[in-house]
Amino acid sequence: MSSLRKIIIDTDPGQDDAAAIMLAFGSPSEIEILGITAVAGNVPLSYTSRNARIICELCGRTDTRVFAGADKPIKRKLVTAEHVHGKTGLDGPVLPEPTMALQQGHAVDFIVDTIRREEEGSVTLCTLGPLTNIALAFEKAPDIVSRIRELVMMGGGFFEGGNITPAAEFNIYVDPEAADIVFRSGVPIVMMPLDVTHQLLTRKDRVGRMAEIGTPPAKAMVEMLEFFERFDVEKYGSDGGPLHDPTVIAYLLKPELFSGRECNVEIETKSELTEGMTVVDWWHVTDRKRNAKVMRFVDADGFFDLLIERFARI
Ligand code: RIB
Ligand code: CA
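In short, a report on the structure. Keep in mind the model is a prediction, meaning the values are calculated, not measured.

What counts and what doesn't
Residues numbered from 1 in each chain as written. Chains lettered and ligands numbered in written order. Predicted model: local features only at pLDDT ≥ 70, side-chain atom pairs only at ≥ 80, totals over all residues. Heavy atoms only, no water. 1 Å grid on protein atoms, 1.4 Å probe; cavity = no way out; pocket = protein on both sides within 12 Å on 5 of 7 lines; lining within 4 Å. Points joined across faces, edges and corners; volume = space filled by probe spheres on them. Helix = DSSP H or I, 4+ residues; strand = E, 2+ residues; numbered from the N terminus. Nonpolar A, V, L, I, M, F, W, Y, C, P; charged D, E, K, R; others polar. Donors = N, O, S within 2.8 Å, 3.2 Å for Na, K, Ca; no water. Buried < 20%, exposed > 50% of the residue type's maximum accessible area, 1.4 Å probe, protein only. Axes fitted to C-alpha atoms, helices over the stretch in contact; angles between N-to-C directions. Parallel < 35°, antiparallel > 145°, perpendicular 65-115°, else oblique. Contact = heavy atoms within 4.5 Å. Lys, Arg positive; Asp, Glu negative; His and termini not counted. Salt bridge = Lys/Arg side-chain N within 4 Å of Asp/Glu carboxyl O. Polar contact = N/O pair within 3.5 Å; in protein donor to acceptor, adjacent residues only side chain to side chain. Near = heavy atom within 4 Å. Areas by Shrake-Rupley, 256 points an atom, 1.4 Å probe, with all protein chains shown as cover. Sits in = over half its atoms within 2 Å of the grid points. Left-handed = near helix turned anticlockwise from the far one by under 90°.

### What to know about the layout of surface pockets
To find leftover empty space, one rolls a probe the size of a water molecule over the atoms.
Stage number 1. Its volume calculated, the largest pocket comes out at about 420 Å³.
Stage number 2. As for the largest pocket, its lining consists of 26 residues, of which Val 84, Asn 163, Asp 232, Pro 242 and His 244 are closest to the centre.
Stage number 3. Of all the secondary structure elements, the ones that give two or more residues to the lining of the largest pocket are α1 (15-25), α3 (82-85), α6 (170-174) and α11 (230-236).
Stage number 4. Of the residues belonging to the lining of the largest pocket, the class tally is 11 nonpolar, nine polar and six charged.

### Observations concerning the coordination of the calcium ion (ligand 2)
Stage number 1. At the metal site, the calcium ion (ligand 2) is ligated by Asp 12 (OD), Asp 17 (OD), Asp 17 (OD), Leu 128 (O) and Asp 245 (OD), and these contacts range over 2.2 to 2.6 Å.
Stage number 2. Between the donor residues of the calcium ion (ligand 2), the gaps in sequence give the motif D-x4-D-x110-L-x116-D. Here the residue Asp 17 occupies a position in helix α1, and Leu 128 occupies one in the loop between β4 (123-127) and α5 (132-140), the gap between them amounting to 111 residues. The two residues Asp 17 and Leu 128 agree in class, both being buried.

### A few points about the packing of helix α12 (residues 246-253) against helix α13 (residues 300-311)
When two helices pack together, you describe them by how their axes are tilted relative to each other and by the distance separating the axes.
Stage number 1. Look at α12 against α13: their axes get within 11 Å of each other, and the N-to-C directions meet at 90 degrees. Accordingly, the angle class assigned to the pair α12 and α13 is roughly perpendicular. Facing Pro 246, Thr 247, Ala 250 and Leu 253 of α12, the residues of α13 in contact are Phe 303, Leu 306, Leu 307 and Arg 310.
Stage number 2. In the contact of α12 with α13, the residues fall into six nonpolar, one polar and one charged.

### Focus: the side chain of Glu 229
Stage number 1. Relative to the helices and strands, Glu 229 is located in the loop between α10 (216-228) and α11.
Stage number 2. One buried charge, Glu 229, has no salt-bridge partner; the nearest side chain with opposite charge is Lys 204, at 4.8 Å.
Stage number 3. Glu 229 has contacts with Thr 202, Val 207, Gly 240 and Gly 241, leaving out every residue within four places of it along the chain.

### Some remarks on the environment of Asp 205
Stage number 1. Within the fold, Asp 205 resides in helix α9 (residues 204-211).
Stage number 2. Measuring from C-alpha to C-alpha, the distance between Asp 205 and Asp 239 comes to 9.9 Å, with 34 residues separating the pair along the chain.
Stage number 3. Side-chain polar atoms of Asp 205 contact the side chain of Arg 203, separated by 2.8 Å.

### A word on the site of ligand 1
Stage number 1. In the neighbourhood of ligand 1, 13 residues make up the surrounding shell, with Asp 16, Leu 128, Asn 163, Glu 169 and Asp 245 lying closest.
Stage number 2. In this structure, an oxygen atom belonging to ligand 1 sits 2.7 Å away from a side-chain N or O atom of Asp 16.
Stage number 3. In this structure, an oxygen atom belonging to ligand 1 sits 2.6 Å away from a side-chain N or O atom of Glu 169.
Stage number 4. The fraction of the free accessible surface of ligand 1 (280 Å²) that becomes covered by protein chains is 97%.
Stage number 5. With respect to the detected pockets, ligand 1 is housed in the largest pocket.
Stage number 6. Breaking the shell around ligand 1 down by element, the ones donating at least two residues are α1 and α6.

### So, the packing of α1 against α10
Stage number 1. Running from amino to carboxyl end, α1 crosses α10 at an angle of 150 degrees, the nearest separation of the two axes being 9 Å. The orientation of α1 relative to α10 falls into the category roughly antiparallel. Between α1 and α10 lies a crossing of left-handed hand. In this structure, α1 uses Gln 15, Asp 16, Ala 18, Ala 19 and Met 22 to contact α10, whose residues at the interface are Pro 217, Met 221, Met 224, Phe 227 and Phe 228.
Stage number 2. Residues that form the contact of α1 with α10 fall into these classes: eight nonpolar, one polar and one charged.

This is the structure we're talking about:
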């Protein structure tokens, strides 16, 4: 049994963010969520901070502290993804408006204060959206960087290319300056790029097993995923959509599901053609600092077995 992992989830829900948060809630003996911080991304902050609370209430976890963070990238105009996630970002099921309140205070201050308060090396940052909140926290309090156990993030891509431009994955593309700050910070990074998440399609048999759980959270999740996947199914004719964000939590629970290697990763922030690209030195052709553990392979069946087993616990 792995020891209890204390985490902060920074997120822009997003149906796949919801699946990641639900996976964490389904693993209480391995994961303690210190707080959830919302960031603008898939949809504006007003929706992401609402959606995070809807997910907590759906899972019966109104004890969770949810904070609102940045409502736009550090430098750029916000780009959102309603074309994938719907207007609310959590389209699919009909869910009640949240009754639990947002916590007072800004998400960035919560991140800084929590990392300063908790034992050094005990907090893991799990990022599921643009890295704006994290970069602002590092800029405001550089002392916290060395106190973080690791930052496990969904974002970027290399051999798989991009999903919002040919070169860039959405989370990085929305705020490349923030990603650049984080990847240069020295924080230990585990990166879950599209190269991994595109192997994790919400195939009918997998969603069918989720539906068999039969609980309200599982039913709502199935309806979220059936909405979420329609974009990829209609556009690419794929057998389901790529389930991106739960890879971050799955890594904490079963790291053996994934494999990759330490690489140098740098972020393109200048070129209009490739802005937001994660330039991954997979073949180690440079002597640049290997600043991230970049995952490339995943046991897809093992991943969905874990997801379904944990969803059933809620
Ligand atoms: O590119 C996929 C990522 O962008 C996921 O985190 C999804 O939720 C969106 O935020
Ligand atoms: Ca996300």
